[in-house]
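In case you want the letters, here they are:
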Amino acid sequence: MTSDNRKARIPITADDKASELGAEHIDAAAAHLADHAEHDATVLSSLKTHWKAVLWSGTVSMALVMESYVLQTLAAFNAQPAFSKTFGVAIGDGKYQLEPKWQVALANASKIGIIIGLFVNGILIDKFGCKRVVISALAAFTLLNLVVFFANRVEVLFAGELLVGLPLGVFNTLASVYATEVCPLALRGVMTGYVNLCWVIGHLIGAGVLAGVADIDSQWGYRIPFAIQWVWPVPLFFILFFAPESPWWLVRQNRYDEAGEALNRLSVPRIHGQNNQTVALMRRTVELERATQIGSTYAQCFNPHNGSLRRLEICAVGYSSHTWAGFILQNYVTYFFKSAGLATQPAYYLSIGAYAIAFAGTVICFYTQGRFGRRTPFLLGWGFMTVLMWAIGGLGFSGDPNSKWAEASLLLIWFATYGLTVGPIPYIFSAEMPSDMLRAKTVQLARIFYYLSDIINGVVAPYAINPTAWNLQAKAALIPAAVSTLLVVWTYFRLPETNRRTYEELDLLFEAGVPARQFKKYNVEPLKQRAIEHSKI
């Protein structure tokens, strides 16, 4: 046993726990072959054999474009004159401004709905599977968007955004869960990273639409963006009727033949004969989790004895770091550029540039996450972004009017770093980190933590940068700079490397209490053999 192994506790899985479950015998040789095949496959070979899985995962993730677009457009409407005129109050000189209390309310209405939707979604996915849940959510969004589109009072708009948030709570986590459950190990990072790319695409489309309607001085300046929200759900609703269900969900339901059929639909015919081996590996992973008392309730996510609480912490901090990374400034980038002296339309165009930079960074991350893993790029990204935020905050104390352009330039560099590292990587490791039994619920809770953080941002940000309130401008960057410094320390000590680890291996590493910095090189085979020998699976 290595020195690393002596630092960890060997998981105990008793024979009677497995026998109590009445599990059928699992073909150990088949599971072993599937385990080796997962590790031997490359991205290119997996693309050739599982291109159907890529297409279906990518299609489900497109629903996230809609969620991102909705949140992006509503936040940016603070800089839209027609929107401010309809829902705001006169502030003199023929100008209108949404009151800070309604800025706060509208910024958080959808997020409150999303939090409720997330909690319910965790229960629904376990009961009905990914396919039926996402189709139902698409239908609900199509109907509820009518309230938003026809709103003519700020109170009605608030109610509409709250209701729309309920189905939006499904799309983000379901896309990540579906991607990680239908794709093989080699494609897991690419397709969960693609979920973040869809988020960036939604922001990019939103910024482009807002730039296009910026000079429309009528109600259509904001109703057109609301109408565009119907572009995604209608075609996706019909396409996803033909999508295969998650094979992992089918295994958890003990529907092994159907899991094999789902894998056949996700792969090319020449490897259909190997899919029974994959089902055997899935069954072994699920039964090992059951033997180590990993349940499937929300309460189990907080269990500190089998690694579940540690996994939840990593996922929650990873997702919520998106808010704290650019606290106050990130979601109000157009508003920030206007405060730098840009007119409305140029401010929108510069925000498009910011999201285009983030888009390019995310695409590059498809390669870097496979080459360098998750932990190292995430840590380096945090370090550089922290320096940038301290610099932007420091420039806020400069009396030079030209410093605002330096602030905007640094913010663009920040977006590039974010898109390459901190933006996509949490989508990858947060989908990989949970146990199979608790994957949906862990991701749901982690996203709830994200939206709670985002609500704090939505409350503080309008007051921090609003010229009628605190008017901090660039000095507001000092807050995320301080939080980012703490997150650099957290990442170093708490974030493990998950690249090229199967779910079974991650289960064993967490159960054994392996320190985060040892995950990458830890020899998991002794843990694997010990667990298999001490169970009847």
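For clarity, every value in this text was computed on a predicted model and none was experimentally measured.

## Notes on the overall build of the chain
Stage number 1. When its secondary structure is counted, the chain shows 26 helices and 2 strands.
Stage number 2. Looking at the 537 residues of the chain, the share that counts as buried comes to 59%.
Stage number 3. Taking as baseline every contact in the chain between residues at least 6 positions apart, the subset at least 24 positions apart corresponds to 83%.
Stage number 4. Counting every atom, the chain has about 20100 Å² of accessible surface; 64% of that belongs to carbon and sulfur.

## Some points on the packing of aromatic side chains
Stage number 1. Under the counting rule described, the total for this entry stands at 21 aromatic pairs.
Stage number 2. When the centroid spacing of 6.3 Å and the interplanar angle of 50° are considered together, the rings of F149 and W220 count as tilted. Within this pair, whereas F149 is found in helix α9 (residues 130-149), its partner W220 is found in helix α12 (residues 220-228), the two being separated by 71 residues in sequence.
Stage number 3. The exposure class of F149 is buried, given its relative accessible area of 11%.
Stage number 4. On the basis of relative accessible area, W220 is assigned to the partly exposed category, the value being 42%.
Stage number 5. Arranged with centres 5.2 Å apart and planes meeting at 15°, the rings of W414 and Y418 form a pair that is stacked. Placement of the pair is W414 and Y418 together in helix α21 (residues 403-420), with a separation of 4 residues, close to one helical turn. Note on accessibility: W414 and Y418 belong to one class, buried.
Stage number 6. Connected via pairs of aromatic rings, a cluster forms that spans F83, F87, Y222 and F226.

## Some thoughts on the nonpolar core
Stage number 1. If you look at the biggest cluster of nonpolar residues, it comprises 135 residues, and the most contacted ones within it are F83, L157, F171, L174, L240, W414 and Y451.
Stage number 2. Counting 5 residues, the second-largest nonpolar core is a separate cluster that includes A31, A34, A280 and L281.

## Considering a nonpolar patch on the surface
Stage number 1. Taken together, I112, I116, F119, V120, I123, L124, F128, L163 and L166 make up a surface patch of nonpolar side chains, about 690 Å² in accessible area.
Stage number 2. Sorting the residues of the nonpolar patch by element identifies α8 (100-128) and α10 (154-182) as the ones contributing at least two each.
Stage number 3. Per-element accounting of the nonpolar patch gives the leading share, 7 residues, to α8.

## Comments concerning the packing of α8 against α9
Stage number 1. Across the interface, α8 lies against α9 with an axial gap of 7 Å and an inter-helix angle of 130°. As the angle between them shows, α8 and α9 are arranged oblique. For the pair formed by α8 and α9, the contact residues are N121, L124, I125 and F128 on the first element and C130, R132 and V133 on the second.
Stage number 2. Looking at the contact of α8 with α9 residue by residue, the classes come out as 5 nonpolar, 1 polar and 1 charged.

## Concerning the pattern of salt bridges
Stage number 1. The final tally for this structure, using the stated rule, is 18 salt bridges.
Stage number 2. Linking E181 and R439 is a salt bridge whose minimum nitrogen-to-oxygen distance equals 2.8 Å. On the criterion of sequence distance, the pair formed by E181 in helix α10 and R439 in helix α23 (residues 439-465) is long-range, its members being 258 residues apart. The two residues E181 and R439 agree in class, both being buried.
Stage number 3. With a shortest N-O distance of 3.3 Å, E505 and K528 are connected by a salt bridge. With E505 in helix α25 (residues 503-511) and K528 in helix α26 (residues 525-533), the pair connects residues that are 23 residues apart, well separated along the chain. Here E505 matches K528 in class, with each residue buried.
Stage number 4. Connected through salt bridges with shared partners, the residues D35, R501, E505, E525 and K528 form a single ionic network.

## Focus: the environment of G113
Stage number 1. Locating G113 in the fold gives a position in helix α8.
Stage number 2. Residues G113 and G160, 47 residues apart in the sequence, show an inter-C-alpha distance of 9.9 Å.
Stage number 3. Those residues in contact with G113, other than ones at most four positions away along the chain, are L162, G165 and L166.

## Here we look at the pairing of strand β1 (residues 89-92)
Stage number 1. Examined bridge by bridge, β1 and strand β2 (residues 95-97) share 3 bridges and lie antiparallel to one another. When the sheet's bridge partners are listed, G92 is paired in β2 with K95.
Stage number 2. Where β1 hands over to β2, the hairpin turn is made up of 2 residues, of which D93 adopts a positive phi near 60°.

## Structural notes on helix α17 (residues 308-325)
Stage number 1. In this model α17 runs 25 Å from its N-terminal to its C-terminal C-alpha over 18 residues, within 8% of the 26 Å that 1.5 Å per residue would give.
Stage number 2. Within α17, the axis deviates most sharply at Y319, by approximately 30°.
Stage number 3. When you tally the buried positions in α17, you get 14 out of 18 residues, the bulk of the element.

## Description of the confidence of the model for the chain
Stage number 1. Taken over all residues, the pLDDT of the chain has a mean of 85, while the share at 70 or more is 88%.
Stage number 2. Within the model, pLDDT remains below 50 along residues 1-24, and this stretch shows 42 contacts once partners closer than five positions in the same chain are excluded.

The rules behind each value
- Residues numbered from 1 in each chain as written.
- Predicted model: local features only at pLDDT ≥ 70, side-chain atom pairs only at ≥ 80, totals over all residues.
- Heavy atoms only, no water.
- Helix = DSSP H or I, 4+ residues; strand = E, 2+ residues; numbered from the N terminus.
- Buried < 20%, exposed > 50% of the residue type's maximum accessible area, 1.4 Å probe, protein only.
- Contact = heavy atoms within 4.5 Å.
- Areas by Shrake-Rupley, 256 points an atom, 1.4 Å probe, with all protein chains shown as cover.
- Phe/Tyr/Trp six-rings, centres within 6.5 Å; stacked < 30°, edge-to-face > 60°.
- Core = buried A, V, L, I, M, F, W, Y, C linked by side-chain atoms within 4.5 Å.
- Patch = residues over 30% accessible without salt bridge, like charges linked within 9 Å, V, L, I, M, F, W, Y side chains within 5 Å.
- Salt bridge = Lys/Arg side-chain N within 4 Å of Asp/Glu carboxyl O.
- Axes fitted to C-alpha atoms, helices over the stretch in contact; angles between N-to-C directions.
- Parallel < 35°, antiparallel > 145°, perpendicular 65-115°, else oblique.
- Nonpolar A, V, L, I, M, F, W, Y, C, P; charged D, E, K, R; others polar.
- Pairing = 2+ DSSP bridges.
- Expected span 1.5 Å × (residues − 1).
- Bend = angle between axes of the 7 residues up to and from the residue.
- pLDDT = per-residue confidence, 0-100.

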